[in-house]
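# Survey of secondary and tertiary structure
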Amino acid sequence: MKISPNKRYNTVAFYATIVIAINVVLVAALLKADTIMDFLDKCVAVMSPITWGVVIAFLMNPIMVRTEGVLNKTVFKSKPKPKASRAIAVVTACLIFAGIIVGLVWVVVPELLNSVSEIIDNFSSYADTAQDWVMKLFKNNKHVEKALTDTIKKFTSDFGTTLNELRPYINDILSGAWDFINVLKDFVLGFIVSIYLLFSKETLFAQAKKILISICKKSTYTKLIRLFKKTNSVFSGFIGGKIIDSFIIGVLCYIGLMIMNMDYALMISVIIGVTNIIPFFGPFIGAVPSGIFILLVQPNKFIALLIFIFALQQFDGNVLGPKILGNSTGLPGFWVLVSLFIGGGLFGFAGMVLAVPVFALFYALVREGVENTLRKKNLPVDTKHYFGDDLEKIYGRPRKSVPFTQEELENIVIPSIEEANEATQG
């Protein structure tokens, strides 16, 4: 007897098998969660030099591109030498990047260590100075004076207790030093990887393009390329601009504090510059520890410091930042806050730094998809048309010609003259 397969039942069995397999994998993952997490941690550790290499190459790429452009327009204008131009540009980018890193470490780290050591050694005298200043300033308001002096005493007691508790943990300190050595090792290896990435950038892109074309349709490939270009535009514009902006703010802060003759000017400037990388909340985060340092050391300059930081951040937010960053993200203020809450809550400081460009990319893609759908429905794309509850003004608009998108233009097939003649004769 001949058995004929039933396609309907075969399809049901196929999808049922897939569902069962997925459930089995999920159950196994839950039962072996610790093993899987250990495996993922090892994978992250192994890939750490590659990750560092990609990040460093991403930061050095603008320097290399500009240097290469200058060389091609001047030195190699009459006789192009792409290999020599690329080699000189990569070496220049490496020297500039390494010089910045070494310079920061050489100048900033010893000063920061001396500042922290001095604060720890003289902390009790600083607390007494701050307490005397509070008593003089609020001598006519005993309630405020008592509240502030109690806060200073509690903070001093807690800080001293913390120092005493930290002293026995020498092994932890050594472990932290070993972790720092591992990070330094990954950074050095990543720097080497970044050099290879910069030299073979075009080849790697061509190989990736070759793979995508081999496995994707033309329309899918076009969408992916547009996504990659948009991602590069958002991240390079925001991160590169924000680093330059924060560096300038740190330098201006140091100059201002030196003019005001404040102690720990370099340490406070580093704090302000680093936290300024975080949009919106950065100025507030940097002002808190800076204010505490000055309140302990020079309490009479505490108010002046806060006013100076506020003025500096206003200059950054209204003048310097827009000049450098422009509209690199295009993300409204409300969504900036949302992205910072989510990114900071999930991934800490790094999450707050990367939250805005990641969310800006997601926001741009969603907006583009919505606008394309509305165009296909011959509906307005401007948000101003959607205020109010009157839907007739949206659906009842006179039909207007809507321009084709780039993707729609690429999908249009124009017949040849011979095909048109055959269709007409037929």
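Up top is the structure these notes are about.
Here we summarise the structure given alongside this text. No experiment lies behind these values; they were computed from the predicted model shown.

### Re the overall build of the protein chain
Assigned secondary structure in the protein chain consists of 15 helices and zero strands. Out of the 426 residues in the protein chain, the part that is buried amounts to 27%. A fraction of 65% describes how many contacts in the protein chain between residues 6 or more apart in sequence connect residues 24 or more apart. Accessible area of the protein chain: about 29400 Å², with a carbon and sulfur share of 69%.

### A few points about the side chain of Asp316
Considering the arrangement of structural elements, one finds Asp316 in helix H11 (residues 302-325). The side chain of Asp316 is buried and forms no salt bridge, while Lys242, the nearest opposite charge, is found at 4.6 Å. Within polar-contact distance, the side chain of Asp316 engages the side chain of Asn276 at 3.4 Å. Setting aside its immediate chain neighbours within four residues, Asp316 contacts Asp245, Ile249, Asn276, Gly321 and Pro322.

### Examining the pattern of salt bridges
Oppositely charged side chains may form a pair once their charged atoms are brought near each other. The full count for this structure, using the stated rule, is six salt bridges. Across the salt bridge formed by Lys242 and Asp245, the nearest N and O atoms sit 3.9 Å from each other. On the criterion of helical spacing, the pair formed by Lys242 and Asp245 is a turn pair, its members being three residues apart in helix H8 (residues 218-259). When its relative accessible area of 10% is taken as the criterion, Lys242 is described as buried. Classification of Asp245 as buried rests on a relative accessible area of 0%. Shared partners join several salt bridges into a network, and the residues in it are Glu68, Arg86 and Glu202.

### Notes on the packing of H8 against helix H9 (residues 265-275)
At a closest axis distance of 8 Å, the pairing of H8 and H9 adopts a crossing angle of 150°. Classed by the angle they form, the pair H8 and H9 counts as roughly antiparallel. Between H8 and H9 lies a crossing of right-handed hand. Facing Ser246, Ile249, Gly250, Cys253, Tyr254, Leu257 and Met258 of H8, the residues of H9 in contact are Ala265, Leu266, Ile268, Ser269, Ile272 and Gly273. Among the residues making up the contact of H8 with H9, the classes are represented as nine nonpolar, four polar and no charged.

### Thoughts on the packing of aromatic side chains
In the structure shown here, the tally under the stated rule is four aromatic pairs. Measuring from ring centre to ring centre gives 6.1 Å for Phe97 and Phe191, while their planes differ by 15°; the resulting arrangement is stacked. Note that Phe97 is positioned in helix H3 (residues 82-121) and Phe191 in helix H6 (residues 170-199), a separation of 94 residues in sequence. Overall, the relative accessible area of 13% leaves Phe97 in the buried class. The structure contains a cluster of three or more aromatic residues connected by ring pairs, namely Trp52, Phe97, Phe187 and Phe191.

So, how was this worked out
- Residues numbered from 1 in each chain as written.
- Predicted model: local features only at pLDDT ≥ 70, side-chain atom pairs only at ≥ 80, totals over all residues.
- Heavy atoms only, no water.
- Helix = DSSP H or I, 4+ residues; strand = E, 2+ residues; numbered from the N terminus.
- Buried < 20%, exposed > 50% of the residue type's maximum accessible area, 1.4 Å probe, protein only.
- Contact = heavy atoms within 4.5 Å.
- Areas by Shrake-Rupley, 256 points an atom, 1.4 Å probe, with all protein chains shown as cover.
- Lys, Arg positive; Asp, Glu negative; His and termini not counted.
- Salt bridge = Lys/Arg side-chain N within 4 Å of Asp/Glu carboxyl O.
- Polar contact = N/O pair within 3.5 Å; in protein donor to acceptor, adjacent residues only side chain to side chain.
- Axes fitted to C-alpha atoms, helices over the stretch in contact; angles between N-to-C directions.
- Parallel < 35°, antiparallel > 145°, perpendicular 65-115°, else oblique.
- Left-handed = near helix turned anticlockwise from the far one by under 90°.
- Nonpolar A, V, L, I, M, F, W, Y, C, P; charged D, E, K, R; others polar.
- Phe/Tyr/Trp six-rings, centres within 6.5 Å; stacked < 30°, edge-to-face > 60°.

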